[in-house]
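Here is how the chains run, residue by residue.
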2 protein chains.
Amino acid sequence: MSVTGPAGFRAAGVAAGIKAGSKRDLALVVNDGPQQAAAGVFTTNKVKAAPVLWSQQVLKERTLHAVVLNSGCANACTGPEGFQDTHATAEKVAEVLGVGAIEVAVCSTGLIGERLPMDALLPGVDTAARALAADEQAGLDAATAVLTTDTKPKQAFQEHEAGWSVGGFAKGAGMLAPNLATMLSVLTTDAVISGDDLDEALRAATRVTFDRLDVDGGTSTNDTVLVLASGASGVEVSKEDFTGLLTSVCTDLVRQLQGDAEGVTKTIDVVVRGAASEADAVAIGRTIAEDNLVKTAIFGSDPNWGRIAMALGRVDAEIDVDKLEIATNGVTLYAAGTKARDRSEADLSGREVEIVVDLHLGEHTATILTTDLSHAYVEENSAYSS
Amino acid sequence: MSVTGPAGFRAAGVAAGIKAGSKRDLALVVNDGPQQAAAGVFTTNKVKAAPVLWSQQVLKERTLHAVVLNSGCANACTGPEGFQDTHATAEKVAEVLGVGAIEVAVCSTGLIGERLPMDALLPGVDTAARALAADEQAGLDAATAVLTTDTKPKQAFQEHEAGWSVGGFAKGAGMLAPNLATMLSVLTTDAVISGDDLDEALRAATRVTFDRLDVDGGTSTNDTVLVLASGASGVEVSKEDFTGLLTSVCTDLVRQLQGDAEGVTKTIDVVVRGAASEADAVAIGRTIAEDNLVKTAIFGSDPNWGRIAMALGRVDAEIDVDKLEIATNGVTLYAAGTKARDRSEADLSGREVEIVVDLHLGEHTATILTTDLSHAYVEENSAYSS
């Protein structure tokens, strides 16, 4: 179950012919209400794709009737013509659904710099509208239609005991990083909640979930996370309760993104403890997570903690090398300014690796999720556009 | 010719048994004067190896009689005992040469976290002292003894028409980055120059050479560049002339480091033009140079300029996407906010790739040198310590 889990939503995912072959490449998520509250967070990259510029604008009203998403083309770096393509896409969805274009968000993912094949996309919107359904299969179809180099769809759904729920899907495999760490995600809820509360809850949830996944330091031109609230459960929720469940659903999706990142052979959790501030903890975790020498060592199942020490030493953060402690998979390898247990005692041969850095300087912690740097990552990314 | 090119210097490189097998692993460079001016620049990493802490201290006097260097062990993260090992190494060299220990700099490179095998190193100093010579072979032996995963020694030598010269060697293959972009380099000159001028010249030269090579974003715990002046030519030089020739020698060495970086199949020059400030130009160049998606695309000979746009968009610098221009190997692929010539027109199949980003915002430029991200890089770095 994903976006169609909560009441009040229909979805569809169809093959419009944007991608070669007959793969699903166009998704539609429709909020049938009774409410249409919405919020979104977007890439911080200065080079923003046309659909990001469009969706940021329409989200100012905190109202969305529908989201249309395509894979196979990012519609980024495409100039005014690319923006017109996004606008025309929203107009088409609006016309088919009988709503206003400013109530339609647009998301695109795929190769940067190419124009959208509008002659395939616009008829695809009709096909998608006819396929709209509220069942589990429809949600899965939508989650599938947004995939690029992902190997499987990522869906999540959780119910609150008070009778409301949050669902969602996400896609993202490479170019995952600060801030946000996904390319696209759509979340839905049948809770009764205002647009402003939805916005605050989304920012709080993504800050500790999507923003803390960092596969390769890249930040996409298209990163978008949207949340839509239908109010169909009739249950009014507190912002705190909603933020809790939303964060939990986002965590589920982020773990799936981490596990399906490009070329992943190992997932790595970088846990930073005892930092002087949360900003320090995040900065240190991110630098370790992005360090190619750390990532290749882990690919080789090698607890080469010297590279972890090297990586954290170049962060602009408070560090005392004599208090610092580094452990991998539960074995402390560095402590009190020198080598602790021998690296041969730390077994990194499994798929899950945990790096724990304790600075012993304060109370702040952060966990950054990443993956190893493998031959498969190099292979996928050296051949992606050709 | 390298460190023994300028008059007044002797060098040696011997196999002391620090590395397995009978590879050269200990180098000595001696300044026979008449002057012993010296200067050094060191890693900005907060985790500094013992030899860096030692050499920074002795360089405060701007005087060096000798430099002793070893490969096979970085002597980093080794606590007070590691510092004592460095101190003992300097004492041993001082004793053998009949100078003070505070006139002896120490450099180490290799695996982080392991103690130096002093029972091999100390007798090695005797062997090296006996092997000291002023000829070309001695310089080559020293340049060879500092190598780790480098495939060949890097040496440079240039003469000024006024009768003085600058020589040097460098080693470095991975973990190259800001600031400095090498692990170790020793430069020599027979010019007559004060320690203070030498220091200023070295900072000016490394800022635009070693500091602009960025292979993988790493910054070593051991990065050191030293320059020693013997005054043996008897020619007094101006700071400007000296900085000029020193920069030229450093450029030569940096190009060799770039060409021999770990796993390199292509060298990439990232040229940033038209930036609002030099800091912006450097930051943009560095971010592109460190971006794994750009580096893997180039490995695949793929002019995927969208990834270049993505990378520069995440820099905290002044950028106007509508003025931005991106070219690879002379073909403009993005201009005026949209796609220009087709990517198929840009041929990246050769070993040398140039990425030119023109921001059209100001007069500032910077060139960052990097390499592609290949299977060989992953292979070498996933197996280095094991």
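Predicted, not measured: the structure shown is a model, and the values here were computed from it.

Brief notes about the overall build of chain A
For chain A, the count of helices and strands is 10 helices and 15 strands. Whereas a compact globule of 386 residues would reach a radius of gyration of roughly 21 Å, chain A reaches 21 Å, a difference of no more than 12%. Counting only C-alpha atoms and orienting by the principal axes, one finds that chain A spans roughly 70 × 50 × 35 Å. Within chain A, the proportion of its 386 residues that are buried is 62%. Considering only residue pairs separated by 6 or more positions, chain A has 80% of its internal contacts joining residues 24 or more positions apart. About 12500 Å² of surface is accessible on chain A, with carbon and sulfur atoms providing 47% of the total. Charge separation in chain A, taken as the distance between the mean sites of 30 positive and 53 negative side-chain charges, equals 4 Å.

Quick notes on the packing of helix α5 (residues 195-207) of chain A against helix α6 (residues 239-259) of chain A
All names here are of chain A. Running from N to C, α5 and α6 cross one another at 45°; their axes reach a closest spacing of 9 Å. Judged by the inter-axis angle, α5 sits oblique to α6. Judged by the twist between their axes, the crossing of α5 over α6 is right-handed. Touching D197, L198, E200, A201, L202, A204 and A205 of α5 are K239, F242, T243, L246, T247 and C250, all from α6.

A few points about the sheet that holds strand β7 (residues 164-171) of chain A
Note: strands within a sheet are paired through backbone hydrogen bonds, in either parallel or antiparallel orientation. Residue and element names in this part refer to chain A. What the 5 strands build is an open sheet, ordered β3-β9-β8-β7-β6; its pairing is mixed. Bordering the open sheet on either side are β3 (37-42) and β6 (154-160), each of which pairs with just one other strand. Averaged over neighbouring strand pairs, the angle between their axes works out to 10° when direction is ignored.

A closer look at the environment of A297(A)
Mapping A297(A) onto the fold places it in helix α8 (residues 292-299). Sequence separation between A297(A) and H65(A) is 232 residues, and the spatial gap between their C-alpha atoms is 47 Å. Excluding residues within four positions of it along the chain, A297(A) makes contact with D302(A), N304(A), R307(A), N381(B) and S382(B).

Points about the interface of chain B and chain A
With 55 residues of chain B at the contact, the number on the chain A side is 56 residues. Summing the contributions of chain B and of chain A, the shared interface buries around 4400 Å²; its carbon and sulfur component is 55%. A salt bridge links E114(B) to K339(A), with the nearest nitrogen and oxygen atoms 3.2 Å apart. Counting across the chain B and chain A interface gives 18 residue pairs in polar contact (both at pLDDT 80 or more). Of all the secondary structure elements, the ones that give two or more residues to the side of chain B that touches chain A are α8 (292-299), α9 (305-313), β13 (338-339) and α10 (375-382) of chain B.

A word on the pairing of strand β11 (residues 325-328) of chain A
All names here are of chain A. In terms of strand pairing, β11 meets strand β12 (residues 331-335) through 4 bridges, oriented antiparallel. By the bridge assignment for β12, A327 is matched with T332. Between the end of β11 and the start of β12, which pair antiparallel, lie 2 residues, with N329 showing a positive phi angle near 45°. When β11 meets strand β14 (residues 352-358), the two strands line up antiparallel, connected through 4 bridges.

Overview of the domain arrangement of chain A
Many structure descriptions define interface size as the accessible area lost when the parts assemble. All names here are of chain A. When the domains of chain A are assigned, the result is domain 1 (9-259) and domain 2 (267-382). Spacing between the C-alpha centres of domain 1 and domain 2 amounts to 33 Å. Each partner contributes to the interface: domain 1 provides 15 residues, whereas domain 2 provides 18 residues. Approximately 1300 Å² of surface area, both sides summed, lies buried where domain 1 meets domain 2, with 41% of it carried by carbon and sulfur atoms. Counting the contacts that link domain 1 with domain 2 gives 4 salt bridges.

A closer look at the relation of the copies chain B and chain A
At an RMSD of 0.0 Å, chain B and chain A line up after a rotation of 180° and a shift of 0.0 Å along the axis. Here the transformation between the copies is reduced to the relation of a two-fold axis. Within chain B, H375(B) has its C-alpha nearest the rotation axis, a separation of 2.8 Å. A high fraction, 100%, of the interface residues of chain B reappear at the interface in chain A, so the copies pair face to face through one surface.

Some words on the side chain of T78(A)
With respect to the secondary-structure elements, T78(A) resides in the loop between β4 (66-71) and α2 (79-97). Residue contacts for T78(A): discarding those within four places in its chain leaves G113(A), E114(A), R115(A), G337(B) and T338(B).

Looking at the sheet that holds strand β2 (residues 26-31) of chain B
All names here are of chain B. Taken in spatial order, the 4 strands line up as β1-β2-β4-β5 in an open sheet, and their pairing is mixed. In this open sheet, the two strands that pair with only one neighbour each are β1 (9-14) and β5 (104-108). Direction aside, the axes of adjacent strands within the sheet are offset by 10° on average. When β2 meets strand β4 (residues 66-70), the two strands line up antiparallel, connected through 5 bridges. What sits directly across from L26, in β4, is N70. Across the sheet, helix α2 (residues 79-97) lies against β2, β4 and β5, angled at about 130° from β5, the strand it touches most. Together, β1, β2 and β4 form the strand contacts of helix α3 (residues 118-131), whose direction differs from that of β1 by roughly 135°.

Rules behind the numbers
- Residues numbered from 1 in each chain as written.
- Chains lettered and ligands numbered in written order.
- Predicted model: local features only at pLDDT ≥ 70, side-chain atom pairs only at ≥ 80, totals over all residues.
- Heavy atoms only, no water.
- Helix = DSSP H or I, 4+ residues; strand = E, 2+ residues; numbered from the N terminus.
- Rg over C-alpha atoms; globule rule 2.2 N^0.38 Å.
- Buried < 20%, exposed > 50% of the residue type's maximum accessible area, 1.4 Å probe, protein only.
- Contact = heavy atoms within 4.5 Å.
- Areas by Shrake-Rupley, 256 points an atom, 1.4 Å probe, with all protein chains shown as cover.
- Lys, Arg positive; Asp, Glu negative; His and termini not counted.
- Charge placed at Lys NZ, Arg CZ, Asp CG, Glu CD.
- Axes fitted to C-alpha atoms, helices over the stretch in contact; angles between N-to-C directions.
- Parallel < 35°, antiparallel > 145°, perpendicular 65-115°, else oblique.
- Left-handed = near helix turned anticlockwise from the far one by under 90°.
- Pairing = 2+ DSSP bridges.
- Buried area = accessible area lost by both parts, 1.4 Å probe.
- Salt bridge = Lys/Arg side-chain N within 4 Å of Asp/Glu carboxyl O.
- Polar contact = N/O pair within 3.5 Å; in protein donor to acceptor, adjacent residues only side chain to side chain.
- Domains from an automatic or database assignment.
- Least-squares fit on C-alpha atoms with pLDDT ≥ 70 in both.

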